[in-house]
Amino acid sequence: MSKWQGSLCCARFVLLMWLSVFSAAQAQTVDVNDLPDASYVRRFRPPAVDRTRFEPLQPDQRMLNEPKVKYLARKDGYEFCSRITGVPISLTSRPMACAFWNVKRRECTVVTPEVTGYNYVGHEIRHCFEGAFHD
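Attention in this report is confined to the structure presented alongside it.

**A word on helix H4 (residues 118–130)**
For H4, built from 13 residues, the straight-helix expectation of 18 Å at 1.5 Å per residue is met to within 8% by its first-to-last C-alpha distance of 18 Å. Those residues of H4 not exposed but buried are Tyr120, Val121, His123, Glu124, Arg126, His127, Cys128 and Glu130. The inward-facing, buried residues of H4 contact strand S1 (68–74), strand S2 (98–102) and strand S3 (107–113). The first or second residue beyond H4 is glycine 131, which carries a positive phi of 75°.

**Things to note about the pairing of S2**
Across five bridges, S2 lies against S3 in antiparallel orientation. Across the sheet, the residue bridging to alanine 99 is valine 110, located in S3. In this antiparallel pair of consecutive strands, S2 and S3, the connection spans four residues, and arginine 106 shows a positive phi of 55°.

**A word on the sheet that holds S2**
The strand order across the open sheet built from three strands is S1-S3-S2, with neighbouring strands paired in mixed fashion. Among the strands making up the open sheet, the edge pair consists of S1 and S2. Each strand of the sheet is rotated relative to its neighbour by a mean of 20°, with strand direction disregarded. Sitting on the sheet, helix H3 (residues 77–85) is in contact with S1, S2 and S3, with an inclination near 50° to S2.

**Some details on the side chain of serine 82**
With respect to the helices, strands and loops of the structure, serine 82 is situated in helix H3. With residues up to four places along the chain from it excluded, the contact list for serine 82 reads Val87, Pro88, Ile89 and Pro95.

Reading the values: rules and limits
- Residues numbered from 1 in each chain as written.
- Predicted model: local features only at pLDDT ≥ 70, side-chain atom pairs only at ≥ 80, totals over all residues.
- Heavy atoms only, no water.
- Helix = DSSP H or I, 4+ residues; strand = E, 2+ residues; numbered from the N terminus.
- Expected span 1.5 Å × (residues − 1).
- Buried < 20%, exposed > 50% of the residue type's maximum accessible area, 1.4 Å probe, protein only.
- Contact = heavy atoms within 4.5 Å.
- Pairing = 2+ DSSP bridges.
- Axes fitted to C-alpha atoms, helices over the stretch in contact; angles between N-to-C directions.

Below, the structure is given as structure tokens:
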């Protein structure tokens, strides 16, 4: 192997190493356990309505059939939902998510904090079809 070929081989190796390190750094995601509300979300037990089997209503019984659903994960999700629902934020309670809808336009918006559980998103999407089913 000539000196030039050895240098080219070394350059390829360095380039491949750099690309693999750079790609690994780009692929890393945020660990949700490091986010500020993660410990609270892990401790919270869902209400009974979310721990039972969900049976969807027949289409003719739904408040909105085939709604257009928008999802907003907001930094101020708790405060926003407190304003929308009227549920105050206290030391022991706060709204974990909320949904509001427009029947004429068949639109529904689901709002959660940035860190949330799938059960909260699913619960609010159910509101999009059935309205205030547990109030």
